[in-house]
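Chain and residue survey
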Amino acid sequence: VPRECCVVDVFNDSMTLSVGPVWPAGLWEERRRPGSYVVRLDRTAPQAALLAQRKSLQLVRKGEAGSVSSFLADSFFMEKEASRELASAVPFRFANGAYVGGVFESDLHEAISKALNAAEEATARFTPNPSQAEAIKWALSRRVSLIRGPP
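In this report, the structure presented in the accompanying data block is examined. A quick note: this is a predicted structure, and the numbers were derived from the prediction, not measured.

1. Quick look at the packing of aromatic side chains
Throughout the structure, instances matching the rule amount to 1 aromatic pair. With a centroid separation of 5.2 Å and 65 degrees between ring planes, the pair formed by tyrosine 99 and phenylalanine 104 is classed as edge-to-face. Looking at phenylalanine 104, the relative accessible area reads 41%, which means it is partly exposed.

2. Considering the pattern of salt bridges
According to the stated counting rule, one finds 3 salt bridges in the structure shown. Of the charged contacts in the structure, one is a salt bridge between glutamate 105 and lysine 114, with a shortest N-O distance of 2.8 Å. Judged by its relative accessible area of 37%, lysine 114 falls in the partly exposed class. The partner of glutamate 134 in a salt bridge is lysine 137, and the shortest N-O contact between them spans 3.8 Å. On the criterion of helical spacing, the pair formed by glutamate 134 and lysine 137 is a turn pair, its members being 3 residues apart in helix α6 (residues 130–140). Residue classification places lysine 137 among the partly exposed positions, given a relative accessible area of 25%.

3. Let's talk about helix α2 (residues 48–62)
If you check α2, its first and last C-alpha atoms are 21 Å apart, about what 15 residues at 1.5 Å a residue would give, namely 21 Å. Once α2 ends, the next one or two residues include glycine 63, with phi positive near 75 degrees.

Thresholds applied
- Residues numbered from 1 in each chain as written.
- Predicted model: local features only at pLDDT ≥ 70, side-chain atom pairs only at ≥ 80, totals over all residues.
- Heavy atoms only, no water.
- Phe/Tyr/Trp six-rings, centres within 6.5 Å; stacked < 30°, edge-to-face > 60°.
- Buried < 20%, exposed > 50% of the residue type's maximum accessible area, 1.4 Å probe, protein only.
- Salt bridge = Lys/Arg side-chain N within 4 Å of Asp/Glu carboxyl O.
- Helix = DSSP H or I, 4+ residues; strand = E, 2+ residues; numbered from the N terminus.
- Expected span 1.5 Å × (residues − 1).

Structure, rendered in structure tokens:
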């Protein structure tokens, strides 16, 4: 009778364990005796990330994952220039402008600057340096963006 299991996921007060395709004989009874069933942490197999990835791919396959995921899936088959043009286009939600603080601003770049200033004023903990501020403005003005760098 095997006396080990694989840790699948860990929570604050419990663990999800994998014991194989069937429960080993006597496992349920042995739960009352601490130490009688060894948990081998060296054989962990986290499943949460894999399950989330599978669920996300199913949504993309069904066309229910949103416009960005559809764009990214389609861009695999596009020419590089066409992909870049689509990625750098203004996001659909900002095509006609944006609301900042309840006021409509037709110029997207001005709206993004005002929103960033409002975020800085709302909390003392958010004070980006000029490079970070430019990166945030750049990212918000594009349909798809990626910012790399130290936190």
